[in-house]
Amino acid sequence: MPTETEKLTSARASDQDECDDIALPSRAAGSGALDRRVDTARDYARAAALDNTLKAYAKDWAHFARWCRMKGAEPLPPSPETVSVYLADLASGSGLSPSQSAARPLSVSTIDRRLSGLAWNYAQRGFTLDRKNRHIATVLAGIKRKHARPPVRKEAILADDILAMVATLPFDLRGLRDRAMLLLGYAGGLRRSEIVSLDVHKDDTPGSGGWIEIFDKGALLTLSAKTGWREVEIGRGSQEQTCPVHALEQWLIFAKIDFGPVFVGTSRDGKRATQTRLSDKHVARLIKRTVLDAGLRSELPEKERLALFSGHSLRAGLASSADVDERYVQKQLGHASAEMTRRYQRRRDRFRVNLTRAAGL
């Protein structure tokens, strides 16, 4: 029986095949120039979604295909009735798993994401999954009504917290790197994937998610985000030991990085930088480790403390701490709406506009 890794690899290969299926009609006369245009079209098809999104969609399809095999159903062509039963199983936790008698019920947001993944995968295979079909829509509406819960928000890492966290780091090569990642992520309100996807220059690597430019007054990050390219300005801090731009410069100088990924691994002895880009999981582990070392929320058991903080804690920290007009925070975080930005603000004055008094009461 194939392992989960093999299944995921197979699913991703299937998505790759869908992109490679782009070709000229048999009746079209080929030429060198036209063939090159086909290759260009394939490249654009592969770039239609962010890599992390594609990984998630591949996992969604692998899970659904396995579920279909276990239930004696066929994943292709799309069947709204089958998909609706699948969604119900996800919500109830009654879907059997190869390793256990019952699966854990999934949250509404995860189920909604799984459905989006299925729709995308069907589209790549030339089919259409109608999310408004009555079988799917009514089951999903029932799941949301019965199981919806307020979103679980991660704890914000505030200014004093981030200072305490970076103070736990040594001043060796790894410490310089991790200090730069934490300070840059906090000051830029960056996602963990955005931190590790940075290159030194534009187009240094095929997997680049952006690049950096360092000026006298700060650093400019150009990032490939969910809604397109955006720029993030990070000014220099009031003192060198906590300045994100200075920390970035120190890492680049001592690691001798002038090309390719900004944040890479180090050798076993910690004396030199490798050429391997770090994964976003390193950022998550770094945050949790320094939270413990700094003694944040020490009144709680370790397990609860670790559960409180994640990569989103950096973004929430900037949104909650920055004492500037809300629109500047919104731009820094790359949010399309102010309402989304407010979800990240943990210390917002919720009653600054009193409509009760404005209405004359």
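Residues numbered from 1 in each chain as written. Predicted model: local features only at pLDDT ≥ 70, side-chain atom pairs only at ≥ 80, totals over all residues. Heavy atoms only, no water.

(A) Local environment of the sheet that holds strand β3 (residues 218–225). Across the sheet, which stays open at both edges, the four strands sit in the order β1-β2-β3-β4 with mixed pairing between neighbours. Of all the strands in the sheet, just β1 (198–199) and β4 (228–235) have a single pairing partner and so form its edges. Both β3 and β4 contribute to a ladder of eight bridges, which runs antiparallel. Residue pairing across strands places Leu221 opposite Val232, the latter belonging to β4. Along the sheet, helix α8 (residues 173–188) makes contact with β1, β3 and β4, crossing β4 at roughly 110 degrees. (Pairing = 2+ DSSP bridges. Helix = DSSP H or I, 4+ residues; strand = E, 2+ residues; numbered from the N terminus. Contact = heavy atoms within 4.5 Å. Axes fitted to C-alpha atoms, helices over the stretch in contact; angles between N-to-C directions.)

(B) A look at unusual backbone geometry. In this chain, Leu76 is followed by Pro77 through a cis amide linkage whose omega measures -10 degrees. Looking at the element boundaries, Pro77 is found in the loop between α3 (51–71) and α4 (80–92). Unlike most non-glycine residues, Lys256 shows phi in positive territory, near 55 degrees. Examined against the element boundaries, Lys256 turns out to sit in the loop between α10 (244–254) and β5 (264–266). The backbone of Arg297 sits at a positive phi, close to 50 degrees, despite the residue not being glycine. For Arg297, the position within the fold is in the loop between α11 (280–294) and α12 (302–308).

(C) Representation of the pattern of salt bridges in the model. For the coordinates displayed, the defined rule picks out 13 salt bridges. Ionic pairing is found between Asp60 and Arg113, a salt bridge with its closest N-O pair at 2.7 Å. Residue Asp60 is located in helix α3, and its partner Arg113 is located in helix α5 (residues 108–124); the two are separated by 53 residues in the primary sequence. Under the relative-accessibility criterion, Asp60 is labelled buried at 1%. Close ionic contact of Asp89 with Lys71 constitutes a salt bridge, the shortest N to O distance being 3.7 Å. Note that Asp89 is positioned in helix α4 and Lys71 in helix α3, a separation of 18 residues in sequence. Under the relative-accessibility criterion, Asp89 is labelled buried at 13%. What you see here is one network of salt bridges that share partners, running through Asp60, Arg113 and Arg114. (Salt bridge = Lys/Arg side-chain N within 4 Å of Asp/Glu carboxyl O. Buried < 20%, exposed > 50% of the residue type's maximum accessible area, 1.4 Å probe, protein only.)

(D) Broad picture of α5. Helix length check: α5 (17 residues) gives 25 Å between terminal C-alpha atoms against 24 Å at 1.5 Å per residue, within 8%. Count one or two residues on from α5 and you reach Gly126, which has phi positive near 85 degrees. (Expected span 1.5 Å × (residues − 1).)

(E) Representation of the environment of Trp120 in the model. You can see Trp120 is positioned in helix α5. Expressed as a C-alpha distance, the spacing of Trp120 and Ala58, which sit 62 residues apart in the sequence, is 9.8 Å.

(F) Just the nonpolar core, in detail. One finds Leu221, Trp251, Val262, Phe263 and Ile287 to be the most contacted residues of the largest nonpolar core, which totals 43 residues. Of all elements in the fold, only α7 (159–167), α8, α9 (192–196), β3, β4, α10 and α11 reach the threshold of two or more residues within this core. Top element by residues in this core is α8. It accounts for eight residues. Within the second largest apolar cluster, 21 residues are counted, among which are Phe64, Leu87, Val108 and Leu129. (Core = buried A, V, L, I, M, F, W, Y, C linked by side-chain atoms within 4.5 Å.)

(G) Just the packing of α8 against α11, in detail. Two elements in contact, α8 and α11, have axes whose closest approach is 11 Å; the angle formed by their N-to-C orientations is 95 degrees. Accordingly, the angle class assigned to the pair α8 and α11 is roughly perpendicular. Note on element contacts: α11 touches α8 through His282, Val283, Leu286, Ile287, Arg289 and Thr290, opposite Arg177, Asp178, Met181 and Leu182. Of the residues that constitute the contact of α8 with α11, the class distribution is five nonpolar, two polar and three charged. (Parallel < 35°, antiparallel > 145°, perpendicular 65-115°, else oblique. Nonpolar A, V, L, I, M, F, W, Y, C, P; charged D, E, K, R; others polar.)

(H) Just the pairing of strand β6 (residues 273–277), in detail. With two bridges connecting them, β5 and β6 associate as antiparallel partners. Counterpart to Thr266 in the pairing with β6 is Ala273. Taking the residues that link successive antiparallel strands as the turn, the β5-β6 hairpin has six residues, and the phi of Gly270 there is positive, at about 75 degrees.

(I) Inspection of the packing of aromatic side chains at higher detail. Counted under the stated rule, the structure contains eight aromatic pairs. Ring geometry for Phe64 and Trp67: centres 6.3 Å apart, planes at 15 degrees, overall stacked. With Phe64 and Trp67 both in helix α3, this residue pair falls three residues apart, about one helical turn. Just as Phe64 is buried, Trp67 falls in that class too. By the ring-pair criterion, three or more aromatic residues cluster together here, those being Trp61, Phe64, Trp67, Tyr86 and Tyr122. The ring of Trp61 is capped by Arg125, whose NZ or CZ atom sits 4.4 Å from the centre of that ring. Seen from the ring of Phe171, Arg179 lies directly overhead, with NZ or CZ sitting 4.1 Å from the centre. (Phe/Tyr/Trp six-rings, centres within 6.5 Å; stacked < 30°, edge-to-face > 60°. Lys NZ or Arg CZ within 6 Å of the ring centre and 35° of its normal.)

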